[in-house]
Amino acid sequence: MLLFSLLSLLGIAANGFIVLVLGREWLRYGRLLPLDMILISLGASRFCLQLVGTVHNFYYSAQKVEYSGGLGRQFFHLHWHFLNSATFWFCSWLSVLFCVKIANITHPTFLWLKWRFPGWVPWLLLGSVLISFIITLLFFWVNYPAYQEFLIRKFSVNMTYKWNTRIETYYFPSLKLVIWSIPFSVFLVSIMLLINSLRRHTQRMQHNGHSLQDPSTQAHTRALKSLMSFLILYALSFLSLIIDAAKFISMQNDFYWPWQIAVYLCISVHPFILIFSNLKLRSVFSQLLL
C-alpha cells in the first residue's frame, strides 16, 4: 500500500508537471505543436486517471463491505473506463506521430499520411474523447439494471448480484479486450514500422560507408529507445488491465496492492520518460530542480 501511494504521488506530480508546463505555453503563445497537443492530453488524462484510481483504491479498502457492490463503485467504473480508454488512444497517437515524423518510408500512402497527420491531431484527440464517451455509455447501458436497482430499489438483492456477476464474468472482460486491443494494435504497427525503418537506414549507411552516428540514425535510435521502453510499460499495463477485468484478484487477496502497482505502473513511470526525452520539458524540469 505504501509503495502504491508513493507511485501514485510520483505519477500525479509528473503528469501534473507536463500539463502545467505545456498549459503555460499554450496560454502564452495561443497554440501548441501537434506533439505538445498529444502530450498535454495524455498528461491530463493520466493525471485524472491516477487520481481517480488512488481515491477509489483507498476508499474501497476502507469500506469493503459497504462499497464493494454499491452505487459509488459502479459510478467510479464509468469515470475509470472513460479515462482509461482516452489514455490508450492518446498513447497510440503519440506512437503514430513519432513514426510519421522519423521513419524513412517512401511508400506513397505513408508519405501522404506523413504530410496529413500533424493537421489531423486536434481532430484525432477530439475523436478519441468522443469514442471514449461512447464506450462509457455502452458500459452504462449494459449495467443499467444495477444502477436502476440502486436508485429505485426495484430489483431484489439476489437478482442484482446475479446480474452483476454474469456481466462482470462473461461480458465485460471480452468487451474490454476488444476495446483496448484496437489502440494497442495501432501502437504495435507504429513500433514495427519504426523498427523496420531503422534497420533499413542502418543497412544503407553501412553499405555506403557512412558513420552510424549521423543525425538521422541518432534520431531513429532515440525515438526507438523511447518507444521500446514505452512498449514494455504499455504491454505490462495492457496485460494487467485484461487480467484485472477478469476479477482474478479481489480486495481481500494478499496480491491486491502489488497488482494495483502493476496496473498503474505505466501511467506513473512513463511521464518521467517523456519529460527526460523532450527538450522543452527537460529544460523546465532542470530549472525547477536548480
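Definitions and cut-offs
Residues numbered from 1 in each chain as written. Predicted model: local features only at pLDDT ≥ 70, side-chain atom pairs only at ≥ 80, totals over all residues. Heavy atoms only, no water. Helix = DSSP H or I, 4+ residues; strand = E, 2+ residues; numbered from the N terminus. Buried < 20%, exposed > 50% of the residue type's maximum accessible area, 1.4 Å probe, protein only. Contact = heavy atoms within 4.5 Å. Areas by Shrake-Rupley, 256 points an atom, 1.4 Å probe, with all protein chains shown as cover. Disulfide = S-S within 2.5 Å. Salt bridge = Lys/Arg side-chain N within 4 Å of Asp/Glu carboxyl O. Axes fitted to C-alpha atoms, helices over the stretch in contact; angles between N-to-C directions. Parallel < 35°, antiparallel > 145°, perpendicular 65-115°, else oblique. Left-handed = near helix turned anticlockwise from the far one by under 90°. Nonpolar A, V, L, I, M, F, W, Y, C, P; charged D, E, K, R; others polar. Core = buried A, V, L, I, M, F, W, Y, C linked by side-chain atoms within 4.5 Å. UniProt positions renumbered as here; feature names shortened; annotations may be inferred. pLDDT = per-residue confidence, 0-100. Phe/Tyr/Trp six-rings, centres within 6.5 Å; stacked < 30°, edge-to-face > 60°.

Take the overall build of the protein chain next. Across its full length, the protein chain holds 11 helices and 0 strands. Walking the protein chain from its N terminus toward its C terminus, one meets helices and strands in the order α-α-α-α-α-α-α-α-α-α-α. The buried share of the protein chain, reckoned over its 290 residues, is 45%. Sequence-distant contacts, at least 24 apart, represent 76% of the contacts inside the protein chain between residues at least 6 apart. Working note: accessible area of the protein chain is about 15,600 Å², and carbon and sulfur atoms make up 71% of it.

Time to look at the state of the cysteines. One covalent bond between the sulfur atoms of two cysteine residues makes up a disulfide. Applying the stated criterion across every chain yields a total of 0 disulfides. Cys 266 forms no disulfide, and the closest cysteine sulfur to it belongs to Cys 91, at a distance of 5.7 Å. A residue is classified by how much of its surface remains accessible, and Cys 266, at 5% relative accessible area, is buried.

Attention now moves to the pattern of salt bridges. Opposite charge on two side chains permits them to pair, given that their charged atoms come into close proximity. The tally for this structure, following the rule as stated, stands at 2 salt bridges. Close ionic contact of Glu 25 with Lys 280 constitutes a salt bridge, the shortest N to O distance being 2.9 Å. With Glu 25 in helix α1 (residues 2-29) and Lys 280 in helix α11 (residues 279-289), the pair connects residues that are 255 residues apart, well separated along the chain. Looking at Lys 280, the relative accessible area reads 26%, which means it is partly exposed.

Look at helix α2 (residues 34-62) against helix α10 (residues 265-277): their axes get within 10 Å of each other, and the N-to-C directions meet at 150°. Viewed along their axes, α2 and α10 adopt a mutual orientation that is roughly antiparallel. Relative to α10, the crossing made by α2 is left-handed. In contact with Leu 39, Leu 42, Arg 46, Leu 49 and Gln 50 of α2, α10 contributes Cys 266, Ile 267, Ser 268, His 270, Pro 271 and Leu 274. Looking at the contact of α2 with α10 residue by residue, the classes come out as 7 nonpolar, 3 polar and 1 charged.

Once that is clear, we can look at the nonpolar core. Counting 63 residues, the largest nonpolar core has Leu 94 and Phe 230 as the members making the most contacts within it. At 16 residues, the largest contribution of residues to this core is made by helix α4 (residues 71-102). Apart from the residues lying within four places of it in its own chain, the contact partners of Phe 230 are Arg 46, Cys 91, Leu 94, Phe 187, Cys 266 and His 270.

The UniProt record marks residues 6-23, 80-100, 120-142, 177-195, 227-249 and 261-279 with the feature "transmembrane region" (unreviewed entry), using the residue numbering of this structure. Across residues 6-23, helical content stands at 100% and strand content at 0%; the span's end C-alpha atoms are separated by 25 Å. When the span residues 80-100 is considered, its composition is 100% helix and 0% strand, and the gap between its end C-alpha atoms is 31 Å.

One can find Ser 95 in helix α4. Classification of Ser 95 by relative accessible area gives buried; the value is 0%. The residues contacting Ser 95, other than those within four sequence positions of it, are Val 186, Phe 187, Ser 190 and Leu 227.

Attention now moves to the confidence of the model for the protein chain. Note: predicted coordinates in regions of low pLDDT should not be interpreted at a detailed level. Summing up the model confidence of the protein chain, the mean pLDDT is 79 and the portion of residues at 70 or higher is 75%. Mean pLDDT in the protein chain bottoms out at helix α3 (residues 64-67), which sits at 50, and peaks at α1, which reaches 93. Segment residues 154-163 is flagged for pLDDT under 50; beyond a separation of four residues in sequence, or across chains, it makes 13 contacts in the model.

Now for the side chain of Thr 87. Mapped onto the secondary structure, Thr 87 falls in helix α4. Judged by relative accessible area, Thr 87 falls into the buried class, the value being 3%. When near neighbours in sequence (up to four residues on either side) are disregarded, Thr 87 contacts Leu 42, Ser 45, Arg 46, Leu 49 and Ile 267.

The subject of this paragraph is the packing of aromatic side chains. Considering all chains together, one arrives at 11 aromatic pairs under this definition. Here the aromatic rings of Trp 80 and Trp 180 are separated by 6.3 Å at their centres, their planes lie at 75°, and the arrangement is edge-to-face. Residue Trp 80 is located in helix α4, and its partner Trp 180 is located in helix α7 (residues 157-208); the two are separated by 100 residues in the primary sequence. In this structure, Trp 80 and Trp 180 share a single accessibility class: buried.

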